[in-house]
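Chains, contacts and geometry: an overview
Residues per chain are reported as follows:
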Amino acid sequence: MKPRIHPVSRPVVFRDRAADYAFLTRSTAESDKTIEWEDGKRYPVVDVETSSASHPFYTGNSQVLDTAGRVERFERRYGDAPKRG
């Protein structure tokens, strides 16, 4: 690897103002503003418009497809159809 070409990664707080939610993670994002975190240290803070806390479609769960219902509906419609051929 070439030296000095990679951005510096450091702890940064991302704050969602709409949901009043903040989380600490590592990032290369830069900010002039700082915030005192729960551990008593000061970290750069980046305000974001949308996060997992305020996004209307984020549920935190994976979606489960209702394949059984689809199969039953298909069999009701076409299950007794005469075979061609």
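It should be noted that the structure appears before, not after, this text.
Residues numbered from 1 in each chain as written. Predicted model: local features only at pLDDT ≥ 70, side-chain atom pairs only at ≥ 80, totals over all residues. Heavy atoms only, no water.

Turning our attention to the packing of aromatic side chains. One pass over the structure, following the stated rule, counts three aromatic pairs. On the basis of an interplanar angle of 25° and a centroid distance of 5.9 Å, the ring pair of F14 and F23 is categorised as stacked. Where F74 meets Y78, the ring centres are 5.1 Å apart and the plane angle is 50°; that geometry is what we call tilted. Of this pair, F74 and Y78 both sit in helix α1 (residues 67-78), four residues apart, which is roughly one turn of the helix. Each residue in the set F14, Y21 and F23 is aromatic and connected to the rest through ring pairs, giving one cluster. (Phe/Tyr/Trp six-rings, centres within 6.5 Å; stacked < 30°, edge-to-face > 60°. Helix = DSSP H or I, 4+ residues; strand = E, 2+ residues; numbered from the N terminus.)

Core analysis: the biggest nonpolar cluster contains five residues, these being V13, I35, W37, Y43 and V45. What W37 contacts, discounting residues up to four positions off in sequence, is V13, A22, F23, L24 and Y43. (Core = buried A, V, L, I, M, F, W, Y, C linked by side-chain atoms within 4.5 Å. Buried < 20%, exposed > 50% of the residue type's maximum accessible area, 1.4 Å probe, protein only. Contact = heavy atoms within 4.5 Å.)

In this structure the tally under the stated criterion is four salt bridges. For D47, the salt bridge identified is with R17, shortest N-O distance 3.7 Å. A residue pair is termed long-range when its members are at least 10 positions apart, and D47 in strand β4 (residues 42-48) and R17 in the loop between β1 (10-16) and β2 (21-27) qualify at 30 residues. When its relative accessible area of 29% is taken as the criterion, D47 is described as partly exposed. (Salt bridge = Lys/Arg side-chain N within 4 Å of Asp/Glu carboxyl O.)

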